[in-house]
Structure formats: structure tokens, C-alpha cells
Amino acid sequence: MTIECEALLEAIRAGDRELSLTLIEKMDARARSQCVPAIKKFLRGLRLVETTSFRTGRDAGLACQDTPAQAAQWVTWFIRLTRDYFPLHLVQTLTDRGPDWLGELAHRLAANMDNESERVAAYLYNTAESLVRLSGCATPTSSRYAARRLCFKGPTDPDAPTLVPIALEVEGFGAYISQWGTGLASMAESGKLDRAALIDQCVGRLFRGGRPSEVRGFRLVLDHLALTDDELADRAADWARLAADADAPTAGDALKRLRRLIDAGRLGTEILADASRDVLARPEKNLVTGQLKHLGQALKLGTEGSGELLTAVTVAFGHEDNAVQEQAWKLVARHIGAADPVVRAQIVEAVAVLTPDLREQATAALGASRPDGDRAEAPYQETLPPVAAPQRAAAPPETLPELINEIVAIVAAHYTSTIESERALDGLVRFAHRDRAALAAALRTVPAKQWPWQYRAEQTSPSFPEGLPFPVPGIGVIVVAILVGGLDTDSLPVVPPEMSPDDPGFAPDCGHCVFRAAWRARVFEVARRITTDPPPFLLSAPGWRTGVVDAEVLLERLTEYARLGVTAGPADLDQALLRVRIPPGPQRHRLSGAAAGLGTADGGRFADWLSSGGLTVVEEPSGLTLPALRNGFTDPFRRLDVLLTKHHNGGRITQDLPDPMLYYRAGRPLDLPQWVATLPLVREYIAAQLLHTKAWREDSHYDPDVPLLAAADGPTGPAFYQFLATALTRGHLGSRVEALLHLVARKDLDARQCGEYLGRLHLQREWYPKADVLDLLTEVARIGAHATAWNILAGALPGLLSGDEVPRRLGALLSLGADCASRSGATGAIPEVDAIADRKGSSQTIKQARRLRRILTEAAR
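What you see as residue numbers is a count from 1 along each chain, following the sequence as written. Residue-level local features of this predicted model are given only where pLDDT is at least 70; pairs of side-chain atoms are given and counted only at 80 or more, and the full residue set underlies all totals for whole chains, interfaces and linings. As a rule here, side-chain values cover all heavy atoms of the structure and leave hydrogens and water aside.

Draft legend 1. Broad picture of the overall build of the chain. Broken down by element type, the chain carries 44 helices and six strands. With 861 residues in all, the chain has 51% of them scored as buried. Only heavy atoms matter for contacts: two residues are in contact if any of them lie within 4.5 Å across the pair. Pairs at least 24 residues apart make up 71% of the contacts formed inside the chain by residues separated by at least 6 positions. The accessible surface values rely on the Shrake-Rupley method and a 1.4 Å probe; as for residues, cover is taken only from the protein chains in view. Summed over all atoms, the accessible surface of the chain reaches about 38,200 Å², with 51% contributed by carbon and sulfur. Secondary structure elements are defined from DSSP: runs of H or I of at least 4 residues count as helices, runs of E of at least 2 residues count as strands, and each element is numbered from the N terminus. Each residue's exposure class comes from its accessible area (1.4 Å probe, protein chains only) as a fraction of the maximum for that residue type: buried when under 20%, exposed when over 50%, partly exposed otherwise.

Draft legend 2. Highlighting the confidence of the model for the chain. pLDDT measures the predictor's confidence residue by residue and takes values from 0 up to 100. Considering every residue of the chain, the mean pLDDT works out to 84; 86% of them sit at 70 or more. Every residue in residues 371–376 is under pLDDT 50, and counting partners more than four places away or in other chains gives five contacts. pLDDT under 50 marks residues 454–472. Its contacts with residues more than four places away, or in other chains, come to 33 contacts.

Draft legend 3. Layout of the layout of surface pockets. Here a cavity denotes grid points, spaced 1 Å and computed from the protein atoms alone, that fit a 1.4 Å probe unable to get out, and a pocket denotes an open set having protein on both sides within 12 Å along at least 5 of 7 lines; residues with an atom within 4 Å of a point are the lining. Grid points are joined across faces, edges and corners, and a volume is the space filled by probe spheres set on the points. Computed from the structure, the second largest pocket encloses a volume of approximately 600 Å³. If you trace the second largest pocket, you find 24 residues lining it, with R545, T546, L708, A711 and H742 closest to the centre. Every element with two or more residues in the lining of the second largest pocket is listed here: α24 (418–444), α33 (672–678), α36 (706–711) and α38 (733–745). Each residue is assigned to one class: nonpolar for Ala, Val, Leu, Ile, Met, Phe, Trp, Tyr, Cys and Pro, charged for Asp, Glu, Lys and Arg, and polar for all the others, Gly among them. Split by residue class, the lining of the second largest pocket holds 13 nonpolar, five polar and six charged.

Draft legend 4. Geometry of empty space enclosed by the protein. Tallied over the entire structure, the rule returns five cavities of 30 Å³ or more. Taken as a whole, the largest cavity spans an internal volume of roughly 90 Å³. Contributing to the lining of the largest cavity are V429, R522, E525, V526, R529, I530, P534, P535, L538, G569 and D572. For the lining of the largest cavity, the element with the highest residue contribution is helix α27 (residues 511–529), accounting for four residues. Across the lining of the largest cavity, the residue classes tally to six nonpolar, one polar and four charged.

Draft legend 5. View of the packing of aromatic side chains. Pairing of aromatic rings covers Phe, Tyr and Trp, the last counted by its six-membered ring, and requires centre-to-centre distances within 6.5 Å; plane angles under 30 degrees mean stacked, over 60 mean edge-to-face, and any other angle means tilted. As enumerated under the stated definition, the model contains ten aromatic pairs in all. Three or more aromatic residues link up through ring pairs in this structure, and these residues are F54, F78 and F86. We call a charge positioned above a ring when the Lys NZ or Arg CZ atom is no farther than 6 Å from the ring centre and deviates by at most 35 degrees from the ring normal. The ring of F431 carries the charged tip of R434 above its face, separated from the ring centre by 4.7 Å. The ring of F633 carries R605 above its face, with NZ or CZ at 4.7 Å from the centroid.

Draft legend 6. Structural context of unusual backbone geometry. Despite not being glycine, R83 has its phi angle at roughly 55°, a positive value. Mapped onto the fold, R83 is located in the loop between α5 (68–82) and α6 (88–92). Of note in the backbone geometry, K747 takes a positive phi value of approximately 60° without being a glycine. Positionally, K747 belongs in the loop between α38 and α39 (751–763).

Draft legend 7. Representation of the packing of helix α17 (residues 269–280) against helix α18 (residues 285–300) in the model. For helices, the fitted axis covers only the stretch in contact; all axes are lines through C-alpha atoms, and the angles between them, taken along N-to-C directions, range from 0 to 180 degrees. Following both chains from N to C, one finds α17 and α18 inclined at 155°, their axes separated by 9 Å at the closest point. Classified by the angle between their axes, α17 and α18 sit roughly antiparallel to one another. In this structure, the crossing between α17 and α18 has a hand that is left-handed. Here L272, S276, V279 and L280 of α17 lie close against α18, whose contacting residues are L287, V288, Q291, L292, L295 and A298. Under this scheme an angle from 65 to 115 degrees is roughly perpendicular, one under 35 degrees roughly parallel, and one over 145 degrees roughly antiparallel; angles in between are oblique. It is the rotation of the near helix from the far one that decides the hand of a crossing: anticlockwise by less than a right angle makes it left-handed, clockwise makes it right-handed.

Draft legend 8. Layout of the environment of T531. Here T531 is to be found in the loop between α27 and β1 (549–550). Its relative accessible area of 23% is what places T531 among the partly exposed residues. As for T531 and H433, which are separated by 98 residues in sequence, their C-alpha atoms are 9.0 Å apart.

Draft legend 9. Region of the structure containing the packing of helix α12 (residues 195–208) against helix α13 (residues 212–225). Two numbers describe how α12 lies on α13: the axes approach to 9 Å, and their chain directions differ by 150°. Considered as vectors, α12 and α13 are oriented roughly antiparallel to each other. Taken as a pair, α12 and α13 cross one another with a handedness that is left-handed. Across the interface between the two elements, R195, L198, I199, C202, V203, R205 and L206 of α12 pack against E214, V215, F218, R219, V221, L222 and L225 of α13. Class assignment of the residues belonging to the contact of α12 with α13 gives a composition of ten nonpolar, no polar and four charged.

Draft legend 10. Seen up close, the pattern of salt bridges. Take a side-chain nitrogen of Lys or Arg and a carboxyl oxygen of Asp or Glu: if they are within 4 Å of each other, that pair is a salt bridge. Taken as a whole and assessed by the stated rule, the structure comprises 52 salt bridges. When the shortest N-O distance is used, the salt bridge between E118 and R148 registers 2.6 Å. Of this pair, E118 sits in helix α8 (residues 118–135) while R148 sits in helix α9 (residues 143–153), placing them 30 residues apart in sequence.

Draft legend 11. Structural view of the side chain of D572. Its location among the elements puts D572 in helix α29 (residues 570–579). Buried charge without a partner: D572 forms no salt bridge, and the closest opposite charge is R522, 4.7 Å away. Dropping the residues within four chain positions of it, D572 is found in contact with E525, L538, L539, S540 and Y561. Neither His nor the chain ends contribute to the count of charged residues, in which Lys and Arg are positive and Asp and Glu negative.

Draft legend 12. Fine view of helix α10 (residues 160–167). For α10, the set of buried residues is A160, L163, V164 and A167. The buried residues of α10 occupy an angular sector of 110° when the element is viewed end-on, so they sit on one face. Note that the arc is defined by the directions from the helix axis to the C-beta atoms.

Draft legend 13. Representation of the environment of K847 within the structure. Counting through the fold element by element, K847 comes out in helix α44 (residues 844–860). Taking the relative accessible area as the measure of exposure, K847 reaches 41% and is therefore partly exposed. When the C-alpha atoms of K847 and A837 are compared, they prove to be 7.2 Å apart, with ten residues separating the residues in sequence.

Draft legend 14. Broad picture of the environment of H433. Residue placement: H433 occurs in helix α24. Look past the residues within four positions of H433 in its chain and what remains in contact with it is P534, P535 and P536.

Draft legend 15. Just the nonpolar core, in detail. Formed by 101 residues in total, the largest nonpolar core has its most connected members in F606, L679 and L724. With nine residues, the single largest contributor to this core is helix α41 (residues 786–802). Among the buried residues, those of types Ala, Val, Leu, Ile, Met, Phe, Trp, Tyr and Cys that are joined through side-chain atoms within 4.5 Å form a nonpolar core. Core analysis: the next-biggest nonpolar cluster, separate from the first, contains 73 residues, V164, A298, V324 and V343 among them.

Draft legend 16. Spotlight on the state of the cysteines. By disulfide we mean two sulfur atoms from cysteines, separated by a distance within 2.5 Å. Enumeration according to the criterion identifies zero disulfides in this entry. Of all cysteine sulfurs in the structure, the one in C35 sits closest to C64, which takes part in no disulfide; the separation is 5.4 Å. On the basis of relative accessibility, which here comes to 2%, the residue C64 falls in the buried class.

Draft legend 17. Spotlight on the side chain of R257. Here R257 shows up in helix α16 (residues 248–263). Since its relative accessible area comes to 11%, R257 is described here as buried.

Draft legend 18. Representation of α18 in the model. The terminal C-alpha atoms of α18, which comprises 16 residues, lie 22 Å apart, in line with the 22 Å expected from a rise of 1.5 Å per residue. All of the buried residues in α18 are L287, V288, T289, G290, Q291, L292, H294, L295, G296, A298 and L299. The inward-facing, buried residues of α18 contact α16, α17, α19 (306–313) and α20 (322–335). Positioned one or two residues after α18, G302 has a phi angle of 70°, which is positive. One less than the residue count of a helix, multiplied by 1.5 Å, gives the span that helix is expected to have.

Here's what the structure looks like:
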């Protein structure tokens, strides 16, 4: 650093503006440019910008810039640094540089706007605009400058004719022009703007798309321009493309312009037919029905090439809405008489995609044979997409680095997959059994800051990890036990604190507390044994993603325990028994004998469990129970048989253990995977407990996990279907469909019973309209499960139609029911549907009710 530069920095540090500017005046251009990096470094190092030193450095830095290019770089850098306006009084001090110099600076700052963030560009615009006024230079024409200036001044700006064509290409500008579309139209009318170019730009921006507010602005400009028939005809291909590919509002506007051309006789048949094929293939019902009306008008006018238009209409035969199919067929039927044999043959072929009832009508009207000839239709069968097969749980980590990475991620995340936590727990036990010292050494290589409790430890116990006056979540207790070298039994009681009657928050009927306690009991058990006699592995480690353990696998594990002389932890064996899938008949007797032959208490208990049939659900006056848990199981697991009436949702810190251990009992969302993993063989019982706790009413976090409960084992009954019906009326569509597909694929779904509970929910006003069941059943039908969709709807319709409040989109719901009943060959009467069908009127609801009744009646003949 030169002597001159050091002197200048001293003056800047002292906040002496006059001295710093004097020193700069004495420097030559090279010396000033050498000072700029040092000034930047000084300013970056200051924490406070509202200081004399900072302001002095800012002014000195600007004074060091000799050319407009250098000044533009400085101003842009400074705005990036401060994220604030550049002081306008400094701009005014540059008047001695001359108007040409200032004008070039303004243009360079305007150009820099195109390469900066929105916020920085806004500050640059403020400085550039001040320089334009100060210098009297020509208006800059960079894109973002033009857009921002017009946003402030609108079409009344004298330079608007120059700036508008530039600004129209800027992303986001369209949102601002909706308020002054009339002004643009007036400019085009007066000749200030090229009308044809303005139309082409707006059409081009519609092709580009964008946010709704932006696209709407360009549509409004076109509306204000009031295009003539000639202007519409010149761009007929553009309207056709927009109708096919643009967003729905833009496509609707394009269809209106095509209709004008049809009425004026200015639209060629080829363009109309091509556009119609694309539009009729769109899913939006209003666009399709609108285009069918346009085609009807074109056919009514006797347009040449009507045969080509008729074949285009048949594209709508494949629309998912029956009302659209019916409208398309009626249009074809009205003009089929004038069709030549080739067109007629194409229409006959297209009829095959109509719904069965409409296909029968069309086939009869056309005098054609059935699409499949005289052969009788085969019995209906569901066509389901591939459903994921039951997934096995991943094997425990094979290397120490892999295990350590998983432990760090799980402890840091607080909430993680139950199966991932089980895998990590089993991995800790396996590596501790092989070489606890190596495991402890590997854990000590993890930087302390990666453990979430480390900050609390540093604040309260400099001797960490010798003391633990801080919360340690979940599996982290075991990590601490290994690092410390063992935890005494007083620090880790057998019964988790939330299950102790001495605890102020003791809640034996809380769903969260009971299932969480079962997991914590196992974690505490491992933490007590990890430094003394760790077992070779856990008996309860899941074999499947739902938590299930195969009986053969558990027998192998117990055999290895017997060989090594290892006794199972009580909580570990309890959980293993609750997860073991009992095989049928002879195989069960064989496994029971083999377990008894081990000659160990653990093997004998497994043998008795197999002989008794394992975990079964029994209905008692108090509700569903698990009486098998009442004898031989440890405290937390016995409490799984308690009727759960609430779900603890509040967080608090409770000092419920002898010092130095604290546990944070945080408010948790409903942890459905943990419930399923704890009791994976009794989904009916889990559903009943969920209904009792009412957690499903208050907590939507479980919605994505509903497929896991559907994939669990055990019989299904009223409780399961009541819970499933509730889940089907809320949550993400994909999760709801996946749950149904799991049940259908396993032949576990009583669709009628599920539908009946849907109807009851509507009557009880516990319907969630944001997750409309119509969307769900439409998707189920779309993938090919028409019988499933119909049976659910058939069970639900009596309840849906009996209440005082009519379901949303009832006409569409009945239309879907008619489609599914027609395709699946359903029969039977629904009095509530008949009552609607008997009403007078021609609304879509009444039409579809009559159609549904006709389909059910004809199928029964």
C-alpha cells in the first residue's frame, strides 16, 4: 500500500471527509485507482454503516472514480454492500464532471440493472433516474430500466413509445399493464405505437406464459385493442395454438376469437379441425364444451369439410366426464346423415371409448355391430396399476462410519422414520457387542457441535460428558452412555417418566405417552446394558417396513441367544413378541416345539406365545382390548391394552428424574408409524385407539402415513373403516389413493362398508370439503378400479343424499357413479337416487340421477 493510500485511510478512519477529499484531489488517476480496493476492504469490515467513518469512506470511494464506467462499478458495488439507496446528494456533487459524463454514468447504471437482483435494481434505478434528470441525457433503454420507469410513470411518459416495446419483453411486466391497457390502445390508435407490432408482442408473451396476473395483463391489452376480423384472421394459427396449449383462461380467450372467425366465415376447415382435436383432448370441461358448441355452429353453417370436423368431434368421446361425451355424441348424431362412408367408419370405431351405456345408444343409432362382435362381454375385472410389494426392512449398518453417520443424522433430526431409528438402535447394539471401545472411539471423532445437546452442556457443565444436566433426546441417551462409560440405574429407570404415577404429567390414557413409553423403555434398557453385557443383536429388530418380524427369524435369533448364553432384555422380548407374525397350523406347532427345545426361559416364553395364538383383539364392553398383554409383559407394554382417550400435544420440561438428568417432553404430531411399528399385527385395534384419542381430528400430520396402516397386518372391521373413511376425506390425494390400492390389491377392502362410513361422516358434518371425495374416486376410476369406486360411492350415497346439506358437485358425483356402474356392470336400486331422478327439471344432477337409475335397472335384466 502506498503512503498516499495509507494517509487517505487514516483520514477515513478518523471520519475527516474534507481531508480525505483534499488528499484525493492531489492524487493522480493511478494513485486513486490503487486506493479503491483498500477502501472497499475497510467498508466491508465495518459492522455499522451509520458512522462517520463509513460515510467518509463512501464519499472518498466515489471521488476516486475518474470515468463513468468506474463510477458505475462503485455505485453498484456499494448498493450491493448496503442493500440501500445511494445518497442522492452525492450524485449532485458530481455536476462538475459535465452532463456527458453524468449521462454515460446514468446509462451504465441502467444497464447494470439487468444483471442484479430485484432489490439492487430498484436502488440502481433511483440513482440512474436522478442522473438522467441532472444531465438531461437521452432516456436509457435497458430492459429493467424501461419496465421500472413505466411502472412509475405509465403510458403518459413522453418516452413511453420508445420504452413500451422494450418493457413488454421483461419478465413480470405484464402484471403492471392491466391498469393501463386503454392507454396502450390509445397510443396504438394515435400512431405512437405500431399496432401490429404491439399485437404480435402481446400474442408472443401469451405463448411464453407466466404467472396468472402477468398473462392476464397481456390478454387485457388485446381486449382493449379490439382486434378486427382481418387482424384475427392473420393470426388464426396463433389462436389455434393458444387454444391447444395455453393456460385455461388464455385458451378460453383464444376460443372466443376463433368463434368470431367461424361466424365471419374466415376460419379454414383444416385449422379449425386441427385446433379442435387439441382442445377436445384437454381436461378442462368448460373449454371442451365451448369448443363443441363452436364446432356445432361451424357444422350448422355447412362448412366445407364437415366430415373432417365430425371426426375431430370424436376426440371428446374419450373425455372423462360423461356429460361431455354425451354432448359430443349428440353433435355427431345430428350430422351423421351427411357423412360419407369413410367418415362414418371412423366414427363407428371411435364409439368404443364411450361409457358402456352411451356406447350402446351410439351403436344402436349407427346400426353397427358391437365393437367386440357378437361375442358376449367378459365379466368385469379390475385393472390396477402395480402396487408396491411389502418391503423388507434394511439390514443394520455393516461398517462403523455408516453407523456413525446414521446416528448423527437421527439424533440431529429429532423426528425420523421409526424403521430408521430401529435400524440404528440394532446397529449400536451389534457394534457394542463386537468392540465397545472401537465404537466409543468412533463416536468421539464426531465434532461436538454436531450433537444437539452440546450447546446446553457447554453452558451448564464444562466437564461434559461427565455430567448430564441437559435434555438428551431418544437414541442419544445410548450415545451418551457409551461416551460417559455407563449410566447408573438411578439415571435411567425401567419405566419412562411419563408412565410414572409420581410424574406431574402422568397420563396413562394418552396415546402419545403410551406408545412413546414403549420405545423409550427399550432405549433405556439398551443404554443400561450397552457398557456391561450388550447382546449380539436385538430380538425385536423389524424384518419388514411395517415392523413385522417373521417367526422363523425370531426363532433363529433366540437360538443364537441360547448358544451364547445371553438373556433377552424384558422390553426387547416384549416388543419382539408383539411383532412376530404367527404362521398357520402345522408350521406354528413345529416352531413352538423348536422354541421349547431351546431350554431357555426366553425360548419357553416364545413357545407359549405361539401355542396361544399370539396377539389377538377381543371385544369387551369397554371396547377392543388386547388381553394377552395383561400377563407376562413389562409395564409400558401392558399399558398398550389401556383405552386411550387423548393425545398429549403440549411441550414442557419436567424435572422428573434425579439430578443430573432432564428430559424434554415436546409436543409431538401423531406418530402413526410408531404406533404401527409397535403393534403391526392389529390394525383394527390401532384404528380404534386413534378414534378414541380423537388425534385424527386435530392433527393432519398422519395423513401421508395412512398407507402404512393399510399395509399393516390383521383383520379389518368397523373401527378401521371408520378411520379410513375419515382419512379419505382429507389429506394428500396420492396418499389416499395409495392406501386404497394397498387394500384392494390384498383383497382387504370392504368398499361398501367404507362408503357407508363416508356417508355417516357427511351426516355428522365431519366432512372435509378441501379434500373432496369426488377427486379421490375420480382418480381411483381413472386408474381402472371402477368397481371399487362404485362400491364406495354406492355405500356413501344414501348418507350423502339424506342430509340437509347437499354435497358439493353432486351432479359430477352422480355422473362418476353412473360411469363406474356402467363399466363394472353394477346392479341394485338406491332409493335416494331414485328420489332425485323423479324430480322435475333438467339440471345436470337430475339428468345424471336418471342415467344412474337406468344403468342399474338395465344391468339387472
